[in-house]
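# Structural overview for review
Residues per chain are reported as follows:
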Amino acid sequence: MSFSYDYLALAAAACWATASLLSANAARHLGAFAFSRWRMFCVSLMLWSVALLTGGWSSLNGHSLSIMALSGLIGIFIGDTALFAAMNRLGPRRAGVLFATHALFSAVLAYLVFGETITGLTLVGCLLLLGGVMTAIFMGRRSNETHAWEQDNGSPWPGIALGLLAALCQSVATLMVKPVMMSTQDPLDPVAASAVRMSIAFFAHLALLWCGLSVARPLQRINWPIFGMVALNAFLAMGVGMTLILLALRHGEVGMVAMLSSVSPVLVLPLLWLIMKRRPANGAWLGALATVIGTLLIVARH
């Protein structure tokens with residue numbers, strides 16, 4: 001299993017890339033809090049259904065429950081909501097540049113906490129990958145594009161702070177679950193672990209709504225097309241994608257998992273080309289090339 005987590009992390013990135021195409025319009029329709037709340041509701045139902053059918057829920061104990069619950073509050077409740085709020089402020093492309101820093105945060109924290117080091121060609125690969133992702137997003141816009149992926153709203157500074165907060169929360173939450181997932185004495189089912197994280201985040205969102213917090217209220221009433229987008233996004237990004245990440249953390253280093261899973265913005269480029277019939281800008285191709293080379297160097301380290 002020494003190499004499998006590389007491909008699990010890349011598969012998670014592919015899930016996030018596909019799901020992100022469904023998030024921009026739905027998040028703008030509902031607002032960041034309402035979108036996250038509906039998404040958590042959908043994915044919690046999906047994951048608990050699977051955990052009950054497979055018996056994975058029985059792998060949970062008091063310690064794992066508390067760690068997964070806290071990870072869900074930090075990484076999903078705070079982190080995801082901050083990310084979608086940043087998207088609404090800056091547009092998904094600019095927010096994506098900021099969120100890509102979670103790979104850097106994860107690598108630094110993994111070194112400080114677990115002593116994980118990145119050296120040689122692997123370090124070169126990580127730098128190429130991270131730089132390529134940021135280049136592809138930052139330089140990926142054409143001047144005449146006005147679709148939802150390019151829209152911004154208001155002053156950029158709150159959006160920048162929210163994007164960096166989302167990246168940091170993602171890193172901290174990933175770091176927390178690593179020791180629990182790698183335990184061989186009491187193996188934790190990744191689907192049940194994801195179900196706990198999503199459920200805690202959902203109930204936290206629900207509590208904000210019940211408290212009457214104005215930002216928790218939907219901007220517009222949900223309808224069936226929007227609900228379909230939210231449910232599919234929940235299945236791909238949170239149901240499949242986050243479960244793959246937990247599996248990857250069972251076998252691999254936090255920094256490497258974070259690096260490889262951060263390629264999702266680059267994977268979005270061909271999907272946008274396919275859907276919108278617009279070739280990505282030249283800068284996006286340059287970033288994508290650097291990302292591919294970096295990924296190959298990382299995977300070839302074994």
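First, a word on scope: everything that follows refers to the structure included in this document. (Residues numbered from 1 in each chain as written. Predicted model: local features only at pLDDT ≥ 70, side-chain atom pairs only at ≥ 80, totals over all residues. Heavy atoms only, no water.)

### Digging into the nonpolar core
Selection criterion: Residues grouped as a nonpolar core are buried Ala, Val, Leu, Ile, Met, Phe, Trp, Tyr and Cys residues, joined through side-chain atoms within 4.5 Å. Three labels apply to residues, based on accessible area from a 1.4 Å probe with only protein chains included: buried if under 20% of the type maximum, exposed if over 50%, partly exposed otherwise in between. Only DSSP runs of H or I with at least four residues qualify as helices, and only runs of E with at least two residues qualify as strands; both kinds are numbered from the N terminus onward. By the convention used here, residues are in contact when the closest approach between their heavy atoms is within 4.5 Å.
Ranked by internal contacts, the top residues of the largest apolar core, which has 66 residues, are Met68, Met198 and Met238. When residues of this core are assigned to their parent elements, the largest contribution, 11 residues, is made by helix α10 (residues 224–251). Setting aside residues up to four positions removed in sequence, Met238 forms contacts with Arg39, Met40, Val43, Ile76, Asp80, Met198, Asn233 and Thr243. Counting 18 residues, the second largest nonpolar core, distinct from the first, contains Ala85, Met87, Ala167 and Ile226.

### Considerations on the packing of aromatic side chains
Under the convention used in this document: Each aromatic pair joins two rings of Phe, Tyr and Trp (for Trp, the six-membered one) with centres within 6.5 Å, and gets the label stacked for planes under 30 degrees apart, edge-to-face for over 60, and tilted for any other angle.
Across all of its chains, the model carries 6 aromatic pairs by this definition. Here Trp224 and Phe227 contribute two aromatic rings whose centre-to-centre distance is 5.8 Å and whose plane-to-plane angle is 90°, an arrangement assigned as edge-to-face. Pair noted here: Trp224 and Phe227 are both in helix α10, with a separation of 3 residues, about one helical turn. Overall, Trp224 belongs to the exposed group, its relative accessible area being 73%. On the basis of relative accessibility, which here comes to 25%, the residue Phe227 falls in the partly exposed class.

### Let's talk about helix α1 (residues 4–20)
The condition is simple: A helix is expected to span 1.5 Å multiplied by its residue count minus one.
Counted at 1.5 Å a residue, the expected span for α1 with its 17 residues is 24 Å, and the 25 Å between its end C-alpha atoms agrees. Among all positions of α1, only Ser4, Tyr5, Asp6, Leu8, Ala9, Ala12, Ala13, Cys15, Trp16, Ala17, Ala19 and Ser20 are buried.

### Some words on the packing of helix α4 (residues 62–90) against helix α8 (residues 156–181)
What counts here: Angles here are taken between N-to-C directions and fall from 0 to 180 degrees, while the axes themselves are lines fitted to C-alpha atoms, restricted in helices to the stretch in contact. Just so you know how the angles are binned, under 35 degrees is roughly parallel, over 145 roughly antiparallel, 65 to 115 roughly perpendicular, and the rest oblique. We call a crossing left-handed when the near helix sits turned anticlockwise from the far one by less than a right angle, and right-handed when that turn is clockwise. Gly counts as polar in this scheme, as do all residues outside two lists: the nonpolar Ala, Val, Leu, Ile, Met, Phe, Trp, Tyr, Cys and Pro, and the charged Asp, Glu, Lys and Arg.
In the contact formed by α4 and α8, the axes pass within 7 Å of each other and the chain directions differ by 160°. It follows that α4 is roughly antiparallel to α8 by the angle criterion. Our pair here, α4 against α8, has a crossing hand that is left-handed. A breakdown of the residues in the contact of α4 with α8 according to their chemical character gives 23 nonpolar, 8 polar and 1 charged.

### So, the environment of Thr122
Take Thr122: it is sitting in helix α7 (residues 120–138). As a C-alpha pair, Thr122 and Leu296 span 174 residues in sequence and 9.4 Å in three-dimensional space. Look past the residues within four positions of Thr122 in its chain and what remains in contact with it is Met256, Ile298 and Arg301.

### What about helix α9 (residues 190–210)?
Formally: Two N or O atoms count as a polar contact when they lie within 3.5 Å, although within protein this holds only if one can serve as hydrogen donor and the other as acceptor, and sequence-adjacent residues are included solely when both atoms are side-chain atoms.
For α9, spanning 21 residues, the distance from its first C-alpha to its last is 30 Å, which sits close to the expected 30 Å at 1.5 Å a residue. For α9, the tally of buried residues reaches 15 of 21 residues, placing the bulk of the element in the interior. Where α9 starts, the residue carrying a side-chain oxygen 3.2 Å from the main-chain nitrogen of Val191 turns out to be Asp189. Of the residues one or two after α9, Gly212 is the one with positive phi, at around 85°.

### Observations regarding the environment of Ala110
Here Ala110 lies in helix α6 (residues 102–114). Put simply, Ala110 and Ser171 are 61 residues apart on the chain and 9.2 Å apart in space, counted from C-alpha to C-alpha. Beyond its immediate stretch of four places on either side in the chain, Ala110 contacts Gly115, Glu116, Leu175, Val254 and Gly255.

### Some thoughts on the state of the cysteines
Test applied: The definition used for a disulfide is geometric: two cysteine sulfur atoms within 2.5 Å.
If you walk through the whole model with that rule in mind, you get 0 disulfides. There is no disulfide at Cys15, and the cysteine sulfur nearest it, in Cys42, is 17 Å away. Take Cys211: it sits in no disulfide, and the sulfur closest to it among the cysteines is that of Cys169, at 20 Å.

These figures come from the coordinates and say nothing about function on their own.
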